[in-house]
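# Descriptive structure summary
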Amino acid sequence: MSEARTESWKEPLLPKAKSDDRSRMRAVANNLILHLHPTKVPAPALRWSYTWGLGGISALLATMLAVTGVLLMFRYDASVERAYTSIQYLETQVFFGSLVRAIHHWSANLLIITVFLHLLRVFFTGGFKKGRAANWIVGVTLLLLVVAFNFTGYLLPWDQLAFWAITVGTSLLGYVPLVGTAVSNFLLAGPEVGQGALRNFYAIHVAVLPAVLVLLMSYHFWKVRKDGGISQPGAMPAEEGHKKLRIVRLTTIPHLVQRELAAALVVIAALALWAMLVPAPLEELANPAHPPNPAKAAWYFMGLQELLLHMHPLAAMIFPGFVLLAITLIPYWDRGEADIGIYFRSREGAFMALAGAFFALALVPLLVLADEYWIDLPALLPTWPTILSNGLVPLLLSLAGLAIIYFIMRVGARTNHAESLVGLFTFVVVSFIVLTIIGVFFRGANMALINPF
Ligand code: HEM
């Protein structure tokens, strides 16, 4: 690129009068922005209805968590004797303490949702294609990190909710084959939740995870730029016979930055309002002798806890583990590049997504009811050990079910591989959401099914 051209794009971004202080500040801000973003971005990638701003909103929430987290650290005390009272003090005696805690609490929960939705957006637009496989895998790791952040933070208030959710959550970990118990013992600094666990969770929450998250997020952003910006429709390879579209490029300042600022203001205002109206929960002081009934894991693990009610623990860990691995490797399952940037790949793909969602909405509650009231696999196969009758059999049936759904879409509905994958992926995601909703709202004492209405 010639020097003259390099300078010409800078012109609207640089201050005219160098002596003017405001202009200098603007130049510094612009410079900072242009370290994060390219100078120009393709117009289609700027559309709200393409990204929904979900990656940026996730980054904003992570920043808000860091700021409010540091403020909370000034008052929080990670000891079993004082953790709960330090939170009570913060809630009642510290100026804006309750609000800061509520913003931290709700941002953390919202972050899980926005990162999950961002994953869906990237999948449905094929944003993992054309050299973006590495960033997809980094993304899955980021999602797991965000969940780990939430999980380790959950214990810190040391109330009944915290104590028992972590007890249930780490007992789920114990079912992970081979390493589960060792990891759980390491995390808890022993077999049970106590002072060692609180100390470890605090250290992981405020030091280990932030360091890893900052590194991975920086890499994630850098990689988006390195991969040529975000995916977009119309950028199809000419050699495949597609007519290359001319894509209009707009300057980052002001077009992208204005949008980002607007989204940030809306999110901050909505979150602050919500946090003022709905304080973060704080139950009674943790009592290891008094488990609540039901003892539930954190809401984002309720899908897994629900699965445990229907399968042998080993199968209930292997099945989601397999699904997570398959999702991580999606860029290698769907390699076609022609449909990049097009939601659901095509009209047929959108139809498959709809079919997958409806199928999950109908089938999953039916299976839960059937397993609760009618089907008893160990009773049907009395001579088999439960690890087979209630483990291997439902595991194989579930995997076969997924294969059948793919097959019906591919052959029955005559869609191509990418469109069938969209249908299958939607089925899996909606099934997980339905299981989570059943676990959170439809399980009561002794984890029996209840009618919450
Ligand atoms: C803390 C979590 C995360 C943050 C802050 C984050 C942030 C971002 C941002 C700002 C972008 C630019 C475009 C956009 O806003 O959509 C982006 C793109 C991308 N993200 Fe994330 N992300 C996170 C997690 C994830 C996850 C869970 C995945 C998927 C498994 C993922 C995969 C990708 C990919 C592949 C791109 C490029 C998409 C494209 O080219 O269309 N990210 N991310």
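Residues numbered from 1 in each chain as written. Predicted model: local features only at pLDDT ≥ 70, side-chain atom pairs only at ≥ 80, totals over all residues. Heavy atoms only, no water.

Turning to the overall build of the chain, a few remarks are in order. Across its full length, the chain holds 18 helices and 2 strands. Relative to its length of 453 residues, the chain is compact, with a C-alpha radius of gyration of 25 Å against a globular reference of 22 Å. A principal-axis box enclosing the C-alpha atoms of the chain has dimensions of 80 × 65 × 40 Å. Per-residue burial over the chain gives 45% buried out of 453 residues. Pairs at least 24 apart in sequence give 78% of the contacts found in the chain among residues at least 6 apart. Taking the average location of the 32 positive side-chain charges in the chain and that of its 25 negative ones, the two points are 13 Å from each other. (Helix = DSSP H or I, 4+ residues; strand = E, 2+ residues; numbered from the N terminus. Rg over C-alpha atoms; globule rule 2.2 N^0.38 Å. Buried < 20%, exposed > 50% of the residue type's maximum accessible area, 1.4 Å probe, protein only. Contact = heavy atoms within 4.5 Å. Lys, Arg positive; Asp, Glu negative; His and termini not counted. Charge placed at Lys NZ, Arg CZ, Asp CG, Glu CD.)

Near the ligand, the surroundings consist of 23 residues, among which His118, Arg121, Gly139, His220 and Ser231 are the closest. Here His220 contributes a side-chain N or O atom positioned 2.8 Å from a nitrogen atom of the ligand. In this structure, an oxygen atom belonging to the ligand sits 2.5 Å away from a side-chain N or O atom of Ser231. Listed by contribution, the elements that provide at least two residues to the shell around the ligand are α4 (54-73), α6 (97-124), α7 (133-155) and α10 (195-226). Examining the composition of the shell around the ligand, we find that 6 residues originate from one element, α7, more than from any other. A breakdown of the residues in the shell around the ligand according to their chemical character gives 11 nonpolar, 10 polar and 2 charged. (Near = heavy atom within 4 Å. Polar contact = N/O pair within 3.5 Å; in protein donor to acceptor, adjacent residues only side chain to side chain. Nonpolar A, V, L, I, M, F, W, Y, C, P; charged D, E, K, R; others polar.)

As for its placement among the helices and strands, Arg345 is situated in the loop between α14 (330-333) and α15 (347-373). Take Arg345: its relative accessible area is 5%, and that puts it in the buried class. Within polar-contact distance, the side chain of Arg345 engages the side chain of Asp334 at 3.2 Å. Discounting residues that sit within four places of it in the chain, Arg345 has contacts with Phe123, Phe124, Thr125, Gly126, Phe128, Lys129, Asp334, Asp339, Ala418, Glu419 and Val422.

A few words now on the domain arrangement of the chain. One widely used convention gives an interface's size as the accessible area the parts lose upon coming together. Domain boundaries assigned for the chain yield domain 1 (35-282) and domain 2 (293-453). Just the C-alpha atoms count here: the centres of domain 1 and domain 2 sit 25 Å apart. On the side of domain 2, 37 residues touch domain 1, which itself brings 41 residues to the contact. Of the roughly 3,400 Å² buried where domain 1 meets domain 2, counting both sides, 76% is carbon and sulfur surface. (Domains from an automatic or database assignment. Buried area = accessible area lost by both parts, 1.4 Å probe.)

Before going further, it helps to examine the coordination of the iron atom of the ligand. In this structure, His118 (NE2) and His220 (NE2) serve as the protein donors to the iron atom of the ligand, at separations of 2.0 to 2.2 Å. Here the iron atom of the ligand binds 6 donor atoms, and the angle range of 86 to 179 degrees at the metal identifies the geometry as octahedral. Taken as a pair, His118 in helix α6 and His220 in helix α10 lie far apart in primary sequence, 102 residues in all. Under the relative-accessibility criterion, His118 is labelled buried at 18%. For His220, a relative accessible area of 13% puts it in the buried group. (Donors = N, O, S within 2.8 Å, 3.2 Å for Na, K, Ca; no water. Tetrahedral: all angles 85-135°; square planar, octahedral: opposite > 155°, others 65-115°.)

Looking now at the environment of Val70. With respect to the secondary-structure elements, Val70 resides in helix α4. Classification of Val70 as partly exposed rests on a relative accessible area of 45%. Between the C-alpha atoms of Val70 and Leu120, which are 50 residues apart in sequence, the distance is 31 Å.

Residues Trp136 and Phe425 are the most contacted members of the largest nonpolar core, which totals 97 residues. No other element matches the 12 residues that α7 contributes to this core. Here this core spans two domains, since at least three of its residues come from each of domain 1 (35-282) and domain 2 (293-453). Ignoring anything within four residues of it in the chain, the contact list for Trp136 reads Leu119, Val122, Phe123, Phe128, Ile327, Thr328, Ile330 and Pro331. (Core = buried A, V, L, I, M, F, W, Y, C linked by side-chain atoms within 4.5 Å.)

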